[in-house]
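Listed here are the chains, written in short residue letters.
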Amino acid sequence: MILRDLSGEAAAPAVSRLDGFDGRGRVFCALAAAFTISYIDSAPLLAAASAAAGALLMLDGRRGAAAMGPFLLGINKMAMLTWFLFPVAYPGPRIWGFLSIDGMRAAFLITWKLNIISVTVFRLAVSMGAARINDALAGLRVPAKMRGILVLSLRYIFLLSGRMSTMARAIRLRAPNQRAAASMRSLAYMVGTTLIHCSDRAERASMAFSLRGGLDGFSPSSAGGWKISDTVFCGAEALFMLVLVAAERLWI
């Protein structure tokens, strides 16, 4: 089970047009884009970043866009929390006596940025799979323990999400008309059993990880040489991000 976890679908991604670029450059560009997008607040600049993310999303046609669907659905479910909290708790002028205008704007910007960052990071980095991400991080001189934490977290987030979704679906099918108190108890049981399961899975994964000699024991290194196309790709990405930051600070 643990071997399948570490070498399953996330470790063997579908072929993409981005696969021709070096993984180190893709990881670096993904991180740079995430930091840049989180910094800017201007709607025109976020629209430009959205267009770039959309180009990445459609690079592999409908297949690439379809792979992002469930991922974005989960991201936006989490983002809905900001729409419940910010309009009520945020300071500033209000409409209808209780909804903060600045809070709604902040919730909108957070949701917008989260979607742009999710698409960009997923297409540039996460879609490579665990093995290539490990190779890219090793090429960037990231320490082995840090690489293990990052790659295993990446892999097991999807397993945890799948388990939670399965349990939630089972609860809806077994008890579709629960009252509020019963629903809260079911949620508590679901979270508790999932955490216990994850603790057990983490211990077994740690044992398998150490016995195989780390991530390198699960898949051989596939890092290639740096090419001119990688320099052009990273240079264009860096220039685009610098233009966004400069426009945010100086003109908009």
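Rules used throughout
- Residues numbered from 1 in each chain as written.
- Predicted model: local features only at pLDDT ≥ 70, side-chain atom pairs only at ≥ 80, totals over all residues.
- Heavy atoms only, no water.
- Helix = DSSP H or I, 4+ residues; strand = E, 2+ residues; numbered from the N terminus.
- Buried < 20%, exposed > 50% of the residue type's maximum accessible area, 1.4 Å probe, protein only.
- Contact = heavy atoms within 4.5 Å.
- Areas by Shrake-Rupley, 256 points an atom, 1.4 Å probe, with all protein chains shown as cover.
- Polar contact = N/O pair within 3.5 Å; in protein donor to acceptor, adjacent residues only side chain to side chain.
- pLDDT = per-residue confidence, 0-100.
- Phe/Tyr/Trp six-rings, centres within 6.5 Å; stacked < 30°, edge-to-face > 60°.
- Patch = residues over 30% accessible without salt bridge, like charges linked within 9 Å, V, L, I, M, F, W, Y side chains within 5 Å.
- Salt bridge = Lys/Arg side-chain N within 4 Å of Asp/Glu carboxyl O.
- Core = buried A, V, L, I, M, F, W, Y, C linked by side-chain atoms within 4.5 Å.

**As for the overall build of the protein chain**
The secondary structure content of the protein chain amounts to nine helices and two strands. By the burial criterion, 35% of the 252 residues in the protein chain qualify as buried. Of all intrachain contacts in the protein chain linking residues separated by at least 6 positions in sequence, the fraction that spans at least 24 positions is 76%. As presented, the protein chain carries roughly 15000 Å² of accessible surface, and 70% of it is formed by carbon and sulfur atoms.

**Here we look at unusual backbone geometry**
The phi dihedral of R141 falls on the positive side, at around 65 degrees, and the residue is not glycine. For R141, the position within the fold is in the loop between α6 (130–139) and α7 (144–174). The class of R141 is exposed, set by a relative accessible area of 70%.

**Re the side chain of D22**
Within the secondary structure, D22 sits in the loop between α1 (2–6) and α2 (23–39). A polar contact of 2.8 Å, which involves the side chain of D22, links it to the backbone nitrogen of R24.

**A look at the confidence of the model for the protein chain**
With 86% of its residues at a pLDDT of at least 70, the protein chain reaches an overall mean of 78. The low-confidence segment residues 1–12 (pLDDT under 50) makes 25 contacts with residues lying over four places distant or belonging to another chain.

**A short note on the packing of aromatic side chains**
What describes a pair of aromatic rings is the distance from one ring centre to the other and the angle between the planes of the rings. Tallied over the full model, the rule gives two aromatic pairs. On the numbers, 4.4 Å between centres and 25 degrees between planes, the contact of F21 with F233 is stacked. Remark: F233 occurs in helix α9 (residues 228–251) and F21 occurs in the loop between α1 and α2; sequence separation between them is 212 residues. Pairing F108 with W112 gives two aromatic rings, centres 5.5 Å apart and planes at 50 degrees, and the pair type is tilted. Note that F108 and W112 are positioned in helix α5 (residues 101–124) at a spacing of four residues, about one turn of the helix. Look at W112 and you get partly exposed, because its relative accessible area is 22%.

**A look at a nonpolar patch on the surface**
Together, M80, L81, W83, F84, L85 and F108 make up an exposed nonpolar region whose accessible area comes to about 640 Å². Considering the arrangement of structural elements, one finds F84 in helix α4 (residues 61–89).

**Details of the nonpolar core**
With 18 residues, the main nonpolar core has I37, L46, M68, I116, V119 and L244 as its most contacted residues. Sorting the residues of this core by element identifies α2, α3 (43–57), α4, α5 and α9 as the ones contributing at least two each. Top element by residues in this core is α3. It accounts for five residues. Other than its neighbours up to four places away in sequence, V119 contacts A53, L57, M68 and L72. One finds V27, M128, L137 and C234 within the second-largest nonpolar core, a separate group that totals 15 residues.

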